[in-house]
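# Structural characterization, general
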Amino acid sequence: MVYKKKNSFINLTGEKNAPVKLILNKIEKLDISNSKQFNDKQKKIFLKIKDELLFKTNNEFNLTNNIIDELNITDLDDWPNYLIHRYRYEVYPDKKILDEYPPYLQIEPSSICNYRCVFCFETDKSFTTKKNGYMGTMKIDLFKDIIDKAKGNIEFISLASRGEPLVNPEFEEMIKYTDGKFLNLKINTNASLLNESKCHAILSSGVKTLVFSADAADEKLYSKLRVNGKLKIVLKNIELFNSIKEKDYKKKKIITRVSGVKYSDEQNFQEMEKFWKSLVNQVAFVEYNPWENIYIQKPNNINTSCSDLWRRMFIWWDGKVNPCDTDYKSTLQIKQYNGDLSETWLSENYQLIRNKHLNDKRQSLKPCRSCNVI
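Now for a look at the structure at hand. (Residues numbered from 1 in each chain as written. Predicted model: local features only at pLDDT ≥ 70, side-chain atom pairs only at ≥ 80, totals over all residues. Heavy atoms only, no water.)

### A word on the pattern of salt bridges
As enumerated under the stated definition, the model contains 20 salt bridges in all. A salt bridge links Arg 162 to Glu 108, with the nearest nitrogen and oxygen atoms 2.7 Å apart. Linking Arg 162 in the loop between strand E4 (156–159) and helix H8 (171–177) with Glu 108 in the loop between strand E2 (104–107) and strand E3 (116–117), this pair joins segments that are 54 residues apart in sequence. Residues Arg 162 and Glu 108 agree in their burial class; the two are buried. (Salt bridge = Lys/Arg side-chain N within 4 Å of Asp/Glu carboxyl O. Helix = DSSP H or I, 4+ residues; strand = E, 2+ residues; numbered from the N terminus. Buried < 20%, exposed > 50% of the residue type's maximum accessible area, 1.4 Å probe, protein only.)

This is the structure in structure tokens:
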């Protein structure tokens, strides 16, 4: 059985010769001991981070190329806050540490997608049939309320989940509302709906990482994997984004990434990296998990706890809260968003699921029993 960690990359291009010593020197000089911005718990976390990074006391937290890239687009004054929240994201889930808020929040602007990727649950017609109630786009008032409650409590936010976020007709207003509120705001998009207006909206907003989902370097394979998609359109749109950034937003600090799913032996990842790296800052690949038929997969006998239960929380377009998007039909049923992110994260239903995972009862939960993410 192949175990997969959902927060890890198979491969990632970034700064190959990352200036680790320079970064460490800057971190060593940071002192928050007298800062009123941080509470005692956060100060202890930061001391632990410095100890681990500077003196290598253990291997729980390290400066990966991805973290260095993110630090390089973050103001130095915000480094302690970024590192504290990054530590919670990287270390807490593995150690099963739970605090007041999720390290990561994924907000779903839309469950609707214009693609039917072969490895995606959008191929499940019982999911995409409109009358079944899964399809829709988030209203701006709900979005703003979630953002207001997350500000100052959660620094890592993704605007993406089951569908294509750019489908939402209020997408531009949504990202405008996020400006200046989070240290790390990410959007995942297939880029097919990217246009001049959306490019300007993204580049003038608080978006720090823009991920283009793509899995091939040639038109034929791309269209085979990403059904309804055309590589030439995606390339044209990404080139448009780059030209607008170069012309109008030269000082904008944003990471662009192409992220693909390792699904078929037909994929040549060296060719893909070579093809995409001139257009984006990073190229990453993630392991395939059988999302598209998870509910009919046989139990796999994995009883290891899923780290995502301590890492992230999902809020769908209609306000439903879920612990993961592998369970794309919300059979785990945490609750409906009620305006209190902390209460939801620590709610009884969430804790019941975590406890079952911790007590070797993962196989009693569907679709956890068929999922190989740990």
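Picking up where we left off.
### What about the environment of Leu 225?
Of note, Leu 225 is situated in helix H10 (residues 219–225). Residues Leu 225 and Cys 117 lie 108 residues apart in sequence; the distance between their C-alpha atoms is 5.6 Å.

### As for the pairing of E4
Of the two faces of E4, both are covered, the one formed by Phe 156 and Ser 158 as well as the one formed by Ile 157 and Leu 159. Relative to E4, E2 is paired through four bridges, and the arrangement is parallel. What sits directly across from Gln 106, in E4, is Ser 158. Where E4 lies against strand E5 (residues 184–189), four bridges are found, and the strand directions are parallel. In the sheet register, Ile 157 faces E5, and the bridge partner there is Leu 185. (Pairing = 2+ DSSP bridges.)

### Some points on the environment of Lys 144
Topologically, Lys 144 is positioned in helix H7 (residues 140–150). By relative accessible area, which is 24% here, Lys 144 ends up partly exposed.

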